[in-house]
Amino acid sequence: MKEHKILIVDDEQSLVYVLKKLLENEFSVDTASDGEEAISYIEQNEYLAVFLDIRIPKINGMEVLSYTKKLSVEPSVIIMTAQNTMVNAIDAMKQGAYDYITKPFELDEIIDITEKIKKNKYPIHKVSEKSEDFLDTLLVGKSKTMQEVFKTIGKLSHNNLTVLILGESGTGKELVAKAIHLNSARSDKPFIIVNTPSVPSELLESELFGHEKGSYTGANEKKDGKFIAANGGTIFLDEIGDMPLNLQAKLLRVIQEKEVEHIGSNKPVKIDIRIIAATNKKLKSLIKNAKFREDLYYRLNVIEITLPPLRERKSDISILANFFIKKFAEEFNIPEKQLSEDASSFLQSYDFPGNIRELENAIRRVMVMSPSFILNSDDFRVILDNENAVINKEKYAKDKKTDSDSFEDIIKRRIKNYVEKIKDTEANDIYKSIMNLTEKTVIEEILTLHNYNQLKVSKLLGINRNTLRKKINEYGISLKNFKKIRNN
Ligand SMILES: Nc1ncnc2c1ncn2[C@@H]1O[C@H](COP(=O)(O)OP(=O)(O)OP(=O)(O)O)[C@@H](O)[C@H]1O
Ligand SMILES: [Mg+2]
């Protein structure tokens, strides 16, 4: 008789078969194909672990999980899910699952998990119920790369490993750091952010490590610093690439010794923190240029999470856009709006140099500015169409030339440029020159468009035909020239 029992619950027979074969060598294995059967097995046996699918007939996996929580001897439940969304992972963790894995999984993952359970290396963490502000930090994304990120966040909830988050500006580094914290057993403890570049370098040391009273001029009171403030919780060192070298050395000591010393004190204080660092800089090249300590890099980079730029996971763009539409509708107390298909493809074709933050800001603006219920590509072009736009050539090249911006926007931009150019001249007829130029251009363009049919053009412009003739003369608009240009 084997020492431990394991239950596998899944309605997918082939998966049950493979898993059973793998675990049978070591454990005595039962299998169930629906929730009811699972509960009846669990009632009658003491399992070390239950491998549990979420979507199973009769009683769903989450309910089976919560059933196990009522038992006096809880099995470790490993959720197996095909739709690995953040929400599922978080739900599973919140309800006290031991771990979760995504199908299809590697057999090695299963071996690792069972090893861990046997050694009971990581006690079961009951991640506390989160307040509504948890929703604010919810990460959205269905792309493969984001799913990998969610999975890593889930795995990190069981341990205290140091994490280095890499990614361009606006890719969600801070949000991921917060999600790691909130999904860990430290979630009730502080999450302290240190934004390195925003603290003047002469204050950064004391900000981080604290100081004793009188340790330097201006240190009138004893101060604890952010490491101590984060004790028990998580410290997020944002833009770590900007940390001065002398502080890098001190930080290294904190990580190694797990203690901090106030400036002006030689009594180290033990601390228990998780460290998460982030940067959008290439740390490797900073190391090459002796701007970043290599040893610190390896200390921080125990687990590395790289957040892909939005343009490399276009499948997330619409999901994120809809997520922000919902969010701002609630925030501004206005009805949710709908993205037109054309708006969706415009957003897909844009390269988002500012990543998710740029998308979020764009949605915030259109939600406020656009009067209509349907959000069209033009609503976004006004905001987003700049030199960085990578426009889908076939589809948009034509539109772009004619109406890529709202009329108002084009005029504003042109006039702004013009005013900028002449700001240092001593002109005294700016009004007149802009108005004349505008009037002349409008008349010329409409005449061209309508083959010089003055009657039609005067109607279109809403001015008298004589007035039009007068203007043509006044501005020296030449009929002949026009015909020539048109024929070219
Ligand atoms: N996956 C996501 N789902 C929903 N919102 C997100 C996601 N990622 C980022 N955001 C939102 O995008 C904005 C930018 O994210 P965040 O501040 O975390 O980026 P960052 O990488 O730290 O940027 P920076 O380098 O500029 O500091 C935030 O408002 C955040 O809430
Ligand atoms: Mg940030």
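Residues numbered from 1 in each chain as written. Chains lettered and ligands numbered in written order. Predicted model: local features only at pLDDT ≥ 70, side-chain atom pairs only at ≥ 80, totals over all residues. Heavy atoms only, no water.

Description of the overall build of the protein
Helix and strand content of the protein: 23 helices and 14 strands. Here the protein holds 488 residues, and 45% of them are scored as buried. Across the protein, contacts joining residues at least 24 apart in sequence account for 69% of those joining residues at least 6 apart. Carbon and sulfur atoms make up 51% of the accessible area of the protein, which amounts to about 26600 Å² in all. (Helix = DSSP H or I, 4+ residues; strand = E, 2+ residues; numbered from the N terminus. Buried < 20%, exposed > 50% of the residue type's maximum accessible area, 1.4 Å probe, protein only. Contact = heavy atoms within 4.5 Å. Areas by Shrake-Rupley, 256 points an atom, 1.4 Å probe, with all protein chains shown as cover.)

Section: the pattern of salt bridges
This structure, assessed with the given rule, holds 18 salt bridges. Across the pair Glu-168 and Arg-311 runs a salt bridge whose closest N-O atoms are separated by 2.6 Å. Remark: Arg-311 occurs in the loop between strand S12 (303–306) and helix H14 (317–332) and Glu-168 occurs in the loop between strand S6 (163–166) and helix H8 (173–182); sequence separation between them is 143 residues. For Glu-168, a relative accessible area of 28% gives the class partly exposed. Overall, the relative accessible area of 29% leaves Arg-311 in the partly exposed class. Between Lys-440 and Glu-444 there is a salt bridge, with its nearest N and O atoms 3.8 Å apart. One end of the pair is Lys-440 and the other is Glu-444, both in helix H20 (residues 430–449) and 4 residues apart, which spans about a single turn. (Salt bridge = Lys/Arg side-chain N within 4 Å of Asp/Glu carboxyl O.)

Some remarks on the site of ligand 1
In the region of ligand 1, 18 residues are neighbours, and Ser-169, Gly-170, Lys-173, Arg-357 and Glu-360 sit closest. With respect to ligand 1, the side chain of Glu-360 contributes an N or O atom lying 2.5 Å from an oxygen atom. Taken together, the elements giving at least two residues each to the shell around ligand 1 come down to H8, H14 and helix H16 (355–369). Taken together, the residues that form the shell around ligand 1 break down as 8 nonpolar, 4 polar and 6 charged. In terms of domain composition, the shell around ligand 1 takes at least three residues from each of domain 2 (144–306) and domain 3 (313–412). (Near = heavy atom within 4 Å. Polar contact = N/O pair within 3.5 Å; in protein donor to acceptor, adjacent residues only side chain to side chain. Nonpolar A, V, L, I, M, F, W, Y, C, P; charged D, E, K, R; others polar. Domains from an automatic or database assignment.)

Things to note about the sheet that holds S12
Here we have 5 strands laid out as an open sheet, ordered S7-S8-S11-S6-S12, and parallel in their pairing. What marks the edges here is a single partner per strand, and that holds for strand S7 (191–195) and S12. Pairwise comparison of adjacent strand axes, ignoring direction, gives a mean angle of 20° for this sheet. Sheet topology note: the S6/strand S11 (residues 274–279) ladder contains 4 bridges and is parallel. Note on S11: the bridge partner recorded for Leu-166 is Thr-279. Each of S6, S11 and S12 touches helix H7 (residues 144–156); the most contacted strand, S12, lies at about 150° to it. Against the sheet, H8 engages S6, S7, strand S8 (234–238), S11 and S12, with an angle of about 155° to S6. (Pairing = 2+ DSSP bridges. Axes fitted to C-alpha atoms, helices over the stretch in contact; angles between N-to-C directions.)

Topic: the environment of Asp-238
Relative to the assigned elements, Asp-238 resides in strand S8. The exposure class of Asp-238 is buried, given its relative accessible area of 8%. Separated by 39 residues in sequence, Asp-238 and Ala-277 place their C-alpha atoms 5.7 Å apart. Among all residues touching Asp-238, those that are not within four sequence positions of it are Glu-174, Val-194, Asn-195, Thr-196, Pro-197 and Ala-278.

Examining the confidence of the model for the protein
Residue-level pLDDT values for the protein average 82, and 86% of them are 70 or greater. In this model, residues 121–137 is a region of pLDDT below 50 whose contacts with residues beyond four sequence positions or in other chains number 38 contacts. Within the model, pLDDT remains below 50 along residues 481–488, and this stretch shows 6 contacts once partners closer than five positions in the same chain are excluded. (pLDDT = per-residue confidence, 0-100.)

What about the nonpolar core?
One finds Leu-52, Ile-79, Ile-165, Val-176 and Ile-180 to be the most contacted residues of the largest nonpolar core, which totals 39 residues. In this structure, this core is formed jointly by two domains, domain 1 (5–126) and domain 2 (144–306), each of which donates at least three residues. Once residues lying within four places of it in the same chain are set aside, the contact partners of Leu-52 are Val-9, Gly-61, Val-64, Leu-65, Val-77, Ile-78, Ile-79 and Met-80. Counting residues in hydrophobic clusters, the runner-up holds 32 residues, among them Phe-209, Ile-228, Ala-230 and Leu-251. (Core = buried A, V, L, I, M, F, W, Y, C linked by side-chain atoms within 4.5 Å.)

Here we look at the packing of H20 against helix H22 (residues 465–474)
Interhelical geometry of H20 versus H22 gives an angle of 110° and a closest axis separation of 11 Å. Comparing their axes, H22 and H20 come out roughly perpendicular. The interaxial crossing formed by H20 with H22 has left-handed handedness. Contacts between H20 and H22 involve Glu-439, Ile-443 and Leu-447 on the former and, on the latter, Leu-468, Lys-471 and Ile-472. Considering only residue class, the contact of H20 with H22 consists of 4 nonpolar, no polar and 2 charged. (Parallel < 35°, antiparallel > 145°, perpendicular 65-115°, else oblique. Left-handed = near helix turned anticlockwise from the far one by under 90°.)

A short note on the packing of helix H15 (residues 341–349) against helix H17 (residues 377–384)
The geometry of H15 relative to H17 is characterised by a closest axis approach of 8 Å and an angle of 30° between their N-to-C directions. Here H17 runs roughly parallel to H15, going by the angle between their axes. From H15, Asp-342, Ala-343, Phe-346 and Leu-347 reach across to H17, where they touch Ser-377, Phe-380, Arg-381 and Leu-384. Residue composition of the contact of H15 with H17, grouped by class: 5 nonpolar, 1 polar and 2 charged.

Remarks on the environment of Lys-144
Within the secondary structure layout, Lys-144 lies in helix H7. For Lys-144, a relative accessible area of 65% corresponds to the exposed category. Separated by 169 residues in sequence, Lys-144 and Arg-313 have C-alpha atoms that sit 8.4 Å apart.

Some details on the packing of aromatic side chains
Inspection of every chain in the model, using the stated rule, returns 8 aromatic pairs. With a centroid separation of 6.2 Å and an interplanar angle of 15°, the aromatic rings of Phe-191 and Phe-236 are classed as stacked. On the criterion of sequence distance, the pair formed by Phe-191 in strand S7 and Phe-236 in strand S8 is long-range, its members being 45 residues apart. The burial state of Phe-191 is the same as that of Phe-236; both residues are buried. (Phe/Tyr/Trp six-rings, centres within 6.5 Å; stacked < 30°, edge-to-face > 60°.)

Let's talk about the pairing of strand S4 (residues 76–81)
By the criterion of burial, S4 is predominantly enclosed, with 6 of the 6 residues buried. Burial along S4 is two-sided: Ser-76, Ile-78 and Met-80 and Val-77, Ile-79 and Thr-81, pointing in opposite directions, are all buried. In the sheet, strand S3 (residues 49–53) pairs with S4 via 5 bridges, with the strands oriented parallel. Each residue of the ladder has a partner; that of Ala-49, found in S4, is Ser-76. With 4 bridges joining them, S4 and strand S5 (residues 99–102) adopt parallel strand pairing. Of the residues in S5, the one forming a bridge with Ile-78 is Asp-99.

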